[in-house]
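# Overview (structure and organization)
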Amino acid sequence: MVGRAAGPLRAGGSPLIRERRAMHEMSVAHGLLSILQAQAKAHGIARISRVRVKVGRLRGLDARQLRLAFEALAEDSLAAEAELDVEEIVAQARCRACGAVWRAADYRFDCPECALSDSEILAGRELYIESFDGERPDSG
Ligand SMILES: [Zn+2]
């Protein structure tokens, strides 16, 4: 949905890494905002008041950073006063060999039952707008 970051970039200092991380949230927030603007236009909505977003843990997004980025980008847009609810979804994996299902909260993808590493990810990669609330211009 959003553009991929450029290739690996080595940097020593942590401030730069933090900045790059924040840029990740920025680009996601930017993607969300463009979808919202298109959706609002399509539905004749003039102002967005609340947005519910689902984000899988494997996306490596920081919910707080995402909210801040969204707030900053939404300024002067129809989502300027929108509240962004970020629901994080825990990663879940299933073993293709024995069928065991587990919460991969610690990013473990080896099967806890049979120890094979032939697993598929069931949840944790989500990134979408579940719903949003808005107002039409003349609701009177
Ligand atoms: Zn297994």
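Just above, that's the structure.
So, here's what we can say about the structure. (Residues numbered from 1 in each chain as written. Predicted model: local features only at pLDDT ≥ 70, side-chain atom pairs only at ≥ 80, totals over all residues.)

### Thoughts on helix H2 (residues 63-74)
Over its twelve residues, H2 runs 16 Å from end to end, which matches the ideal 16 Å to within 8%, given 1.5 Å per residue. Along H2, the positions that sit buried rather than exposed are Leu 66, Ala 69, Phe 70 and Ala 74. Buried residues of H2, seen end-on, are gathered within an arc of 120° and therefore sit on one face of the element. Exposed and facing more than 90 degrees away from the buried side of H2 are Arg 64 and Ala 72. Directly beyond the C-terminal end of H2, a positive phi value near 65° is found at Asp 76. (Helix = DSSP H or I, 4+ residues; strand = E, 2+ residues; numbered from the N terminus. Expected span 1.5 Å × (residues − 1). Buried ≥ 20, exposed ≤ 12 C-beta atoms within 10 Å, placed from the backbone. Arc of directions from axis to C-beta.)

### Looking at the nonpolar core
Leu 36, Ile 48, Val 51 and Phe 70 are the most contacted members of the largest nonpolar core, which totals 20 residues. Contributing elements (two or more residues each) for this core: helix H1 (14-42), strand S1 (47-56) and H2. Counting residues per element, this core draws most heavily on H1, at six residues. Excluding anything up to four places from it in sequence, Val 51 contacts Leu 36, Ala 79, Ala 82, Leu 84, Asp 85, Ile 129 and Phe 132. (Core = buried A, V, L, I, M, F, W, Y, C linked by C-beta atoms within 7 Å. Contact = placed C-beta atoms within 7 Å.)

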